[in-house]
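Residue strings, one per chain:
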Amino acid sequence: MPAVKAANPRDIFAAEDWRAITRLSRWRGIWLVLHGWIVVALAAFGGAAAWDYHWLAGLLVTPLALAILGGRQLGLSILMHDGAHGLLHPDRKTNNWLGQWPTGAATGSDLFAYRAYHLTHHKYTQQPEDPDLSLSAPFPTSRDSLRRKFIRDLTGQTFYKQRRAQFAVALRGTSSTARTVGRFLVLQAILLTISLLFWGWTPFLLWLAALATTFQLFLRIRNIAEHACTPTGSGDPFTHARTTYAGLIARATVAPYWVNYHSEHHLFMGVPCYHLAATHRLLGLGGYHPKMTLSPHYRDVLAQAVN
């Protein structure tokens, strides 16, 4: 099928506004990566401190720690996504390193493979050629089906299935996948070393538990929110994705680093994540919000995803 229709920013924004929202900072992408890891450290070591204080405190704090860790793991994936678009840093080598090591390797992704895959998604959004179509096509689904998906995520079944498949491909000698797995294991070894040097096993175990549970759940909810049950395919670029308004809890879990402004991202994929909220405001001032698919919160999205 033909590529989806693109929006022309010159028809929508004043020239100075377009320059402002597409300007890449030399420091902000680096800061966001550091921010993600600082929050990871605080959650992991904070959870460990709770267990050291008292086992009951550990039991009470662990769900919060896992939620925060899973949210930042998703956040690191979102920053890798910005790196795939060349938006983490104006210097290409720096951008690619940030997207490959401190963000992509954290969750077992490869920047370059993801870039090719993801740009195809943008070109053929929700069309048969879209490699992400399987993430949205099953919806709406039954409540029982969605519940089973969530249970598989939170019990580690999704993580195990994905990692087993990835490691199997790597062991068969596929060089790109082997390098991806290698980077993932190297970064996990670094995190384990830091954990053992400063506290013991507990911070790393919390990180790994979140990677196998809450990260998988938050990633699924994010994927549902972006395209499921949208009118994509109408030929109107303003319908290619959904923007979901996110409060503090959502931004800490399922919507880190402005990923909830997904309609804006699909309209103008040259806008870095830290300018997406400003892009949304400008679209509102221009009277474009009625053309967009907007949800007031993620509960509304999940309600739309079940029948």
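Residues numbered from 1 in each chain as written. Predicted model: local features only at pLDDT ≥ 70, side-chain atom pairs only at ≥ 80, totals over all residues. Heavy atoms only, no water.

S.K.: Which parts of the structure should I look at to understand a nonpolar patch on the surface?
M.R.: Together, Trp97, Trp101, Val186, Ile190, Ile194, Leu197, Phe198 and Trp199 give the surface a local cluster of nonpolar side chains, amounting to about 840 Å² of exposed area. Counting residues per element, the ones that place at least two in the nonpolar patch are α4 (92-104) and α9 (175-198). Looking at which element gives the most residues to the nonpolar patch, the answer is α9, with five residues. When you line up the elements, Trp199 lands in the loop between α9 and α10 (202-212). With a relative accessible area of 39%, Trp199 lands in the partly exposed category. (Patch = residues over 30% accessible without salt bridge, like charges linked within 9 Å, V, L, I, M, F, W, Y side chains within 5 Å. Areas by Shrake-Rupley, 256 points an atom, 1.4 Å probe, with all protein chains shown as cover. Salt bridge = Lys/Arg side-chain N within 4 Å of Asp/Glu carboxyl O. Helix = DSSP H or I, 4+ residues; strand = E, 2+ residues; numbered from the N terminus. Buried < 20%, exposed > 50% of the residue type's maximum accessible area, 1.4 Å probe, protein only.)

S.K.: Can you help me understand helix α14 (residues 276-285) in this one?
M.R.: Along an α-helix, residues three or four apart share an orientation, since each turn contains 3.6 residues. Along α14, the positions that sit buried rather than exposed are Leu276, Ala277, Thr279, His280 and Leu283. Seen from one end, α14 has its buried residues packed into an arc of 160°, which puts them on one side. In α14, the exposed positions angled more than 90 degrees off the buried face are occupied by Arg281 and Leu285. Here the buried face of α14 lies against α1 (15-22), β1 (242-244), α13 (262-267) and β2 (293-295). Two residues or fewer past α14, Gly287 is found with a positive phi of approximately 80°. (Arc of directions from axis to C-beta. Contact = heavy atoms within 4.5 Å.)

S.K.: Would you take a moment to explain a positive patch on the surface for this structure?
M.R.: A cluster of basic side chains, namely Arg148, Arg152, Lys161 and Arg164, defines a positive patch on the protein surface. Elements that contribute at least two residues to the positive patch include exactly α7 (143-154) and α8 (157-171). Here Arg152 is to be found in helix α7. When its relative accessible area of 33% is taken as the criterion, Arg152 is described as partly exposed. (Lys, Arg positive; Asp, Glu negative; His and termini not counted. Charge placed at Lys NZ, Arg CZ, Asp CG, Glu CD.)

S.K.: Looking at this structure, how should I read the nonpolar core?
M.R.: In globular proteins that are soluble, nonpolar side chains generally tend to be buried together. Core analysis: the largest hydrophobic core is formed by 63 residues, its most contacted members being Ile12, Trp37, Trp207, Phe268, Leu283 and Tyr298. Those elements that place two or more of their residues in this core are α2 (28-53), α3 (55-84), α7, α9, α10, α11 (214-227), α14 and α15 (298-304). The element contributing the most residues to this core is α3, with seven residues. Beyond its immediate stretch of four places on either side in the chain, Trp207 contacts Trp37, Val40, Leu69, Gln73, Leu76, Ala106, Gln188 and Leu191. (Core = buried A, V, L, I, M, F, W, Y, C linked by side-chain atoms within 4.5 Å.)

S.K.: Just checking my understanding: could you explain the pattern of salt bridges for this structure?
M.R.: When the charged atoms of two side chains lie near each other, side chains of opposite charge can form a pair. Under the criterion given, the structure shown has five salt bridges. Between Asp110 and Arg183 there is a salt bridge, and its shortest N-O distance comes to 2.4 Å. Placement of Asp110 in the loop between α4 and α5 (111-123) and of Arg183 in helix α9 is noted, with a sequence separation of 73 residues between them. One salt bridge in this structure joins Asp144 and Arg147, with 2.6 Å as the shortest N-O distance. Note that Asp144 and Arg147 are positioned in helix α7 at a spacing of three residues, about one turn of the helix.

S.K.: Is there a simple way to think about the environment of Leu24 in this case?
M.R.: Tracing the sequence through the fold places Leu24 in the loop between α1 and α2. Taking C-alpha positions, Leu24 is 28 Å from Ile68, a pair spaced 44 residues apart along the chain. Not counting residues up to four positions away in its chain, the partners in contact with Leu24 are Gly86, Leu87, His89, Pro90, Pro272 and Tyr274.

S.K.: Where do I start with the packing of aromatic side chains in this structure?
M.R.: Both the distance between ring centres and the angle between the ring planes are used here to describe each pair of aromatic rings. Overall, the coordinates contain eight aromatic pairs when judged by the stated rule. Each ring, one from Trp37 and one from Trp207, has its centre 5.3 Å from the other, and the planes form 25°; the classification is stacked. Of this pair, Trp37 sits in helix α2 while Trp207 sits in helix α10, and the two are 170 residues apart along the sequence. Through a chain of ring-to-ring contacts, the aromatic side chains of Phe13, Trp18 and Phe268 assemble into a single cluster. Above the face of the Tyr257 ring, Arg72 is positioned so that its terminal group lies 4.8 Å from the ring centre. In this structure, Arg163 packs its charged tip against the face of Phe184, placed 4.7 Å from the ring centre. (Phe/Tyr/Trp six-rings, centres within 6.5 Å; stacked < 30°, edge-to-face > 60°. Lys NZ or Arg CZ within 6 Å of the ring centre and 35° of its normal.)

S.K.: What exactly am I supposed to notice about the side chain of His85 here?
M.R.: Within the secondary structure layout, His85 lies in the loop between α3 and α4. Take His85: its relative accessible area is 15%, and that puts it in the buried class. Residues within four places of His85 in sequence aside, it is in contact with His118, Leu119, His122, His265 and Met269.

S.K.: Is there a simple way to explain α8 in this structure?
M.R.: Here α8 spans 21 Å end to end across 15 residues, near enough to the 21 Å set by a 1.5 Å rise per residue. Taken together, the buried positions of α8 are Thr158, Phe159, Arg163, Gln166 and Ala170. Axial view of α8: buried residues confined to an arc of 115°, hence all on one face. Exposed residues lying more than 90 degrees from the buried face of α8 are Tyr160, Lys161 and Leu171. As for α8, its buried residues are in contact with α7, α9, α10 and α11. A positive phi of about 100° marks Gly173, the residue just after α8. (Expected span 1.5 Å × (residues − 1).)

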